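# Examining the three-dimensional arrangement
Here is how the chains run, residue by residue.
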Amino acid sequence: MLRLNKIYIFFGSSSFIAKELISKLKKEKNVKLYSISRNLNSKYNYQNLGKLLTVVNKIKVDEIVVFNFANNTNFLDYKNKFSKINKETFFYSKKIIDFSNRLLVKQKHIYLSSDRIFGKINKPIYISSKPRPIDPYGILKARYEKYLIKNLKIKNIIIVRS
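In this numbering scheme, every chain counts its residues from 1 along its sequence in written order. Local features are withheld for residues below a pLDDT of 70 in this predicted model, meaning they are given only at 70 or higher, and side-chain atom pairs are given and counted only at 80 or more; totals for whole chains, interfaces and linings count all residues. Side-chain measures here rest on the full set of heavy atoms in the structure, leaving out hydrogens and waters.

## With respect to the overall build of the protein
How we decide: Working definition: helices are DSSP H or I runs of at least four residues, strands are E runs of at least two. Numbering for both runs from the N terminus. Only the C-alpha atoms count toward the radius of gyration. The rule for a globule is 2.2 Å times the residue count to the power 0.38. Each residue's exposure class comes from its accessible area (1.4 Å probe, protein chains only) as a fraction of the maximum for that residue type: buried when under 20%, exposed when over 50%, partly exposed otherwise. Here a residue-residue contact requires only that any non-hydrogen atoms of the pair lie within 4.5 Å. Using the Shrake-Rupley algorithm and a 1.4 Å probe, accessible areas are obtained, with residue cover drawn only from the displayed protein chains. The positive count covers Lys and Arg only, the negative count covers Asp and Glu only, and His and the chain ends enter neither. Lys charges are placed at NZ, Arg charges at CZ, Asp charges at CG and Glu charges at CD.
Helix and strand counts for the protein stand at 5 helices and 5 strands. A compact globule built from 162 residues would reach a C-alpha radius of gyration of about 15 Å, and the protein, at 16 Å, matches this within 12%. In terms of overall dimensions, the protein has a C-alpha envelope of 55 × 35 × 30 Å along the principal axes. Considering the protein as a whole, with its 162 residues, one finds that 41% of them fall into the buried category. By sequence separation, contacts in the protein at least 24 residues apart represent 73% of the contacts at least 6 residues apart. Accessible surface computed for the protein: about 9900 Å², of which carbon and sulfur atoms make up 54%. In the protein, the 34 positive side-chain charges and the 10 negative ones have mean positions that sit 4 Å from each other.

Shown next as structure tokens:
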């Protein structure tokens, strides 16, 4: 059986950041990459995560890195359709967290958040800075960070606020 150093799993793989990262990680040796899409015609999507879980849990691997870049990036949707975006975000987030909690190998979970969770601040922001979001996008990102930390069983979470 093949032994891998790492498996990279991407939620939100169509984002610019994910595409750039995937192109770099593809060059690594002894790794496997999986992309999950909302598109039901994709090999792996949110409706068949159990299929991917079965595949991944059969592979001997040192570490799994889950990149959670899934997000609606249309800021107007957050303003005009906040309730709908909130519902969709947590629907897909629950699937991502449930999937991650069922992985059998040590993992890192990397979530792409936003510095907008701090609102308008004109001074340095630190890890200990308290979130004070002032717009719907920042509010949802802050809520999801709390949800992720509370519900993800592993505590090896990296939150990138860009």
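## Re the pattern of salt bridges
Rules: In what follows, salt bridge is the name for a side-chain nitrogen of Lys or Arg lying within 4 Å of a carboxyl oxygen of Asp or Glu.
For the coordinates displayed, the defined rule picks out 7 salt bridges. A salt bridge links K81 to D77, with the shortest nitrogen-to-oxygen separation between them at 3.8 Å. Overall, D77 belongs to the buried group, its relative accessible area being 17%. Through salt bridges with shared partners, a single ionic network connects K6, E63 and K108.

## Quick word on the nonpolar core
Under the convention used in this document: Throughout this description, the term nonpolar core refers to a set of buried Ala, Val, Leu, Ile, Met, Phe, Trp, Tyr and Cys residues connected via side-chain atoms within 4.5 Å.
Core analysis: the biggest nonpolar cluster contains 22 residues, and I7, I9, F11 and I64 have the highest contact counts within it. Secondary-structure elements contributing two or more residues to this core are β1 (3–11), β2 (31–36), α2 (49–57), β3 (60–68) and α4 (82–101). The contact partners of I7, leaving out residues within four places of it in the chain, are K32, Y34, V56, I59, V61, E63, I64 and V65. Membership of the second largest hydrophobic core comes to 11 residues, among which are I22, L25, I110 and L112.

## Focus: the packing of α4 against helix α5 (residues 136–151)
Heads up, the rule is: Axis angles are defined between N-to-C directions and span 0 to 180 degrees, where every axis is a line fitted to C-alpha atoms and, for a helix, only to the segment in contact. Put simply, angles under 35 degrees are roughly parallel, angles over 145 are roughly antiparallel, angles from 65 to 115 are roughly perpendicular, and the rest are oblique. The handedness criterion is simple: a crossing whose near helix is rotated anticlockwise from the far helix by less than a right angle is left-handed, and one whose near helix is rotated clockwise is right-handed. Charged means Asp, Glu, Lys or Arg here, nonpolar means Ala, Val, Leu, Ile, Met, Phe, Trp, Tyr, Cys or Pro, and polar covers whatever is left, Gly included.
For the pair α4 and α5, interaxial distance at closest approach is 11 Å and the crossing angle is 25°. Judged on the interaxial angle alone, α5 and α4 are roughly parallel. Once α4 is placed against α5, the crossing between them reads as right-handed. Listed contacts from α5 to F82, I85, N86, T89, F90, S93, K94, I97 and N101 of α4 are P136, I139, L140, R143, Y144, Y147, L148 and N151. When grouped by side-chain class, the residues that make up the contact of α4 with α5 number 10 nonpolar, 5 polar and 2 charged.

## Examining the environment of R102
For R102, the location among the structural elements is in the loop between α4 and β4 (107–113). Overall, the relative accessible area of 51% leaves R102 in the exposed class. When the C-alpha positions of R102 and N57 are compared, they lie 8.9 Å apart, and in sequence the two are 45 residues distant. In contact with R102, not counting residues within four places along its chain, are L53 and N57.

## Observations regarding the packing of aromatic side chains
For the record, the criterion: Ring pairs are drawn from Phe, Tyr and Trp, using the six-membered ring of Trp, whenever the two centres fall within 6.5 Å, and their geometry is named by plane angle: stacked under 30 degrees, edge-to-face over 60, tilted for the rest.
Counted by the stated rule, this structure contains 14 aromatic pairs. Here the aromatic rings of Y46 and Y92 are separated by 4.6 Å at their centres, their planes lie at 65°, and the arrangement is edge-to-face. With Y46 in the loop between β2 and α2 and Y92 in helix α4, this pair connects stretches of sequence that are 46 residues apart. Neither residue differs from the other here; Y46 and Y92 are each classed as buried. Centre to centre, the rings of Y144 and Y147 are 6.2 Å apart; their planes meet at 35°, and the pair counts as tilted.

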